[in-house]
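Structural overview for review
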Amino acid sequence: MSPRTRTIGSSNPEYVNARVRARRAALFDEEEYRKLVRMGPSEIARFMEETEYGEEINALGSRHSGVDLIEYALHANLAKHFDDLLDWAEGRLYEFIANYLRKFDAWNVKTIIRGLYAGADQDEIESDLIRAGEFSDREIDRLLEARSIEEVVEQLDGTIFEEPLAAAYEDYEETDTLVPLENAVDRTYYEHILDNVGRVSNEPDDPVARYVEFLQAEIDFRNARNALRLARTGADIDPGEYFIEGGTLFDRREMSGLVTNRDELLTRIEESTYGNRLDEALAQLRSAESLIAFEHALDTALSAYADRLANRYPMTIASVLSFILAKEREVDNIRAIARGREAGLSSEEIEEELVIL
């Protein structure tokens, strides 16, 4: 899918949010996840066939099976939902949604780089791609055909990622860690999107203000995640080099100290504007025993924050962004269950991988 450039008419948040509420009501709930956790991959596919994923399961069933079928169906359905958002929206609302969905261009670039780094074959990498950004299918296919990370960087010539990734490639070669490349992709995406938001007013329902507020939160939680990932690598990397500008929680200088002090990082989040609204989610951050658990808790906190914004400002883009995160979370949860069952994990182990609000 490639978002079309248009500014037809004025924004239409009332119409779009009414459609979004209907879509959100159809998302899987905790009880349905409990059912899936007890199923094998083929049973999960049959269960999905009776839900809104049925069209994708039936269309892809002749080419794929098992977990592959589930993953391709999930990502096709995700792209369809986000394409619908663009079809419904007009004016500035369309521009905001289209720009935000370019996060999947960043996702696909990072997924291909990770796959090449891990030695995965092309089919394995492709099953993890989400064709919901600005890149055309042809552009994504060219990236998939790359035989090295260096070739991926070369294929991105002419895109917003070209120069930042070329600069980060030298650090990747020196450290043999993907952190420089992944952070360069994320930083480029957020810097580009913030450059195009327009003027912010103090009006409660100002669409630009709500958009920026959400993006600032996403950047803050991304920086927190990156700080912990940098600490885990043990590589001699200056955290400030990979700081994403635009948030409100940290500055570039502070990142260096927070990388090695998780308690201080958590305290900073708890004492911020997020702390008053995310008590339960932040409690999960405190109790997280591993980096994976911590990252899941960060996802929960960001989703909870988006839901709070949507409830407080129901006639703004906040409701759309909250739905996008919720739909992503559903896809990630179903995929985690299917992969966990295929790997023989217990129900308890799989449930630890899920993000459920």
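Owing to the predicted nature of the structure, the values given are computational and were not obtained by experimental measurement.

Moving on, we get to the overall build of the protein. A count of helical and extended segments in the protein gives 19 helices and zero strands. Computed over C-alpha atoms, the radius of gyration of the protein comes to 20 Å, within 12% of the 21 Å expected from 2.2 N^0.38 for 357 residues, which places it in the range of a compact globule. Taking all 357 residues of the protein together, the buried fraction comes to 53%. A fraction of 68% describes how many contacts in the protein between residues 6 or more apart in sequence connect residues 24 or more apart. Surface summary for the protein: the accessible area is close to 16300 Å², and the carbon and sulfur share equals 43%. Within the protein, one finds 41 positive and 75 negative side-chain charges whose respective centroids are separated by 5 Å.

What follows deals with unusual backbone geometry. Of note, the phi angle at D176 is positive, near 55 degrees, even though the residue is not glycine. Along the chain, the position of D176 falls in the loop between α11 (162–175) and α12 (179–194).

This part is about the environment of G257. With respect to the helices and strands, the residue G257 is situated in helix α14 (residues 252–259). The class of G257 is partly exposed, set by a relative accessible area of 36%. For the pair G257 and G240, spaced 17 residues apart in sequence, the C-alpha separation works out to 10.0 Å.

It is worth spelling out the pattern of salt bridges at this point. Under the definition given, this model contains 25 salt bridges. With its nearest N and O atoms 3.8 Å apart, the salt bridge here joins E55 to K80. Here the residue E55 occupies a position in helix α4 (residues 54–60), and K80 occupies one in helix α5 (residues 66–88), the gap between them amounting to 25 residues. A salt bridge links D186 to K110, with the shortest nitrogen-to-oxygen separation between them at 2.7 Å. With D186 in helix α12 and K110 in helix α7 (residues 103–118), this residue pair connects regions lying 76 residues apart in the sequence. For the pair D186 and K110, a shared accessibility class is recorded, and that class is buried. Salt bridges here are not isolated pairs; linked through shared partners, they connect E126, R131, D137 and D141.

What follows is about the packing of aromatic side chains. Within the structure shown, the criterion is met by 10 aromatic pairs. Seen in terms of ring centroids, F28 and F47 are 6.0 Å apart; in terms of plane orientation they differ by 85 degrees. Their pairing is edge-to-face. With a gap of 19 residues between them, F28 in the loop between α1 (13–25) and α2 (30–37) and F47 in helix α3 (residues 41–49) connect regions that are remote in the sequence. A relative accessible area of 9% means that F28 is categorised as buried. Relative to F214, the ring of Y100 lies with its centre 5.6 Å away and its plane at 70 degrees, an arrangement referred to as edge-to-face. Taken together, the positions of Y100 in helix α6 (residues 91–100) and F214 in helix α13 (residues 207–233) put the pair 114 residues apart, joining distant regions of the chain. Assigned by exposure class, Y100 and F214 land together as buried.

Here we take up α11. For α11, spanning 14 residues, the distance from its first C-alpha to its last is 20 Å, which sits close to the expected 20 Å at 1.5 Å a residue. Bending of α11 peaks at approximately 30 degrees at the position of A168. L165, A168, Y169 and Y172 are the residues of α11 that are buried. Residues of α11 that are buried make contact with α7, α10 (149–155) and α12. One or two residues past the end of α11 sits D176, with phi positive at roughly 55 degrees.

Our next topic: the packing of helix α17 (residues 291–312) against helix α18 (residues 318–342). It is at 8 Å that the axes of α17 and α18 come closest, and there the two elements cross at 150 degrees. By the angle between their axes, α17 is roughly antiparallel relative to α18. The interaxial crossing formed by α17 with α18 has left-handed handedness. Counted together, L302, S303, A306, D307, L309 and A310 of α17 and A318, S319, S322, L325 and R329 of α18 form the full contact between these two elements. Across the contact of α17 with α18, the residue classes break down as six nonpolar, three polar and two charged.

Moving on: the packing of α1 against α18. How two helices sit against one another is set out by the angle between their axes and by the gap between those axes. Running from N to C, α1 and α18 cross one another at 25 degrees; their axes reach a closest spacing of 10 Å. On the basis of their axis angle, the class for α1 and α18 is roughly parallel. You can see that α1 and α18 cross each other, and the crossing is left-handed. Across the interface between the two elements, V16, N17, V20, R23 and R24 from α1 touch S319, V320, S322, F323, A326 and R329 from α18.

Turning next to a negative patch on the surface. Residues D68, D121, D123, E124 and E342 make up a contiguous surface patch of negative charge. Looking at the secondary structure, you find D123 in helix α8 (residues 122–126).

In this section: the environment of T316. Mapped onto the elements of the fold, T316 is located in the loop between α17 and α18. Judged by its relative accessible area of 2%, T316 is buried. Between the C-alpha atoms of T316 and N226, which are 90 residues apart in sequence, the distance is 29 Å.

Scoring rules and cut-offs
Residue indices begin from 1 for each chain and proceed along its sequence in written order. At least 70 in pLDDT is required for a residue's local features to be given in this predicted model, at least 80 for side-chain atom pairs to be given and counted, and no such filter applies to totals for whole chains, interfaces and linings, which use all residues. Only hydrogens and water are set aside when side-chain values are computed; all heavy atoms of the structure are taken into account. Strands here mean DSSP runs of E at least two residues long; helices mean DSSP runs of H or I at least four residues long; both are numbered from the N terminus. The globule rule used here is 2.2 Å times the number of residues to the 0.38 power, and the radius of gyration it is set against is calculated over C-alpha atoms. Residue burial is assigned from relative accessible area. The probe radius is 1.4 Å, only protein chains are included, and a residue is buried under 20% of its type maximum, exposed over 50%, and partly exposed in between. Residue contacts are counted whenever heavy atoms from the two residues lie within 4.5 Å of one another. Computed with the Shrake-Rupley method and a 1.4 Å probe, the accessible areas treat only the protein chains shown as cover for residues. In this tally, Asp and Glu contribute negative charge and Lys and Arg positive charge; neither His nor the terminal groups of the chain are included. Here the site of a charge means NZ on Lys, CZ on Arg, CG on Asp, or CD on Glu. What counts as a salt bridge is simple: a side-chain nitrogen of Lys or Arg found within 4 Å of a carboxyl oxygen of Asp or Glu. A pair of aromatic rings is counted whenever rings of Phe, Tyr or Trp (Trp by its six-membered ring) have centres within 6.5 Å, and the orientation is called stacked for planes under 30 degrees apart, edge-to-face for over 60 and tilted otherwise. Each residue after the first adds 1.5 Å to the expected span of a helix. Bending is quantified residue by residue as the angle between axes fitted to the seven-residue window ending at that residue and the seven-residue window starting at it. In this description, a line fitted to the C-alpha atoms serves as the axis of each element, helices being fitted only across the stretch in contact, and the angle between N-to-C directions of two axes falls anywhere from 0 to 180 degrees. Convention used here: angles under 35 degrees read as roughly parallel, angles over 145 as roughly antiparallel, angles from 65 to 115 as roughly perpendicular, and any remaining angle as oblique. Two helices crossing with the near one rotated counterclockwise from the far one by less than a right angle form a left-handed crossing, whereas a clockwise rotation gives a right-handed crossing. Under the scheme applied, nonpolar residues are Ala, Val, Leu, Ile, Met, Phe, Trp, Tyr, Cys and Pro; charged residues are Asp, Glu, Lys and Arg; polar residues are all the others, including Gly. To count toward a patch, a residue needs a relative accessible area over 30% and no salt bridge; like charges are then connected within 9 Å, while nonpolar side chains (Val, Leu, Ile, Met, Phe, Trp, Tyr) are connected within 5 Å.

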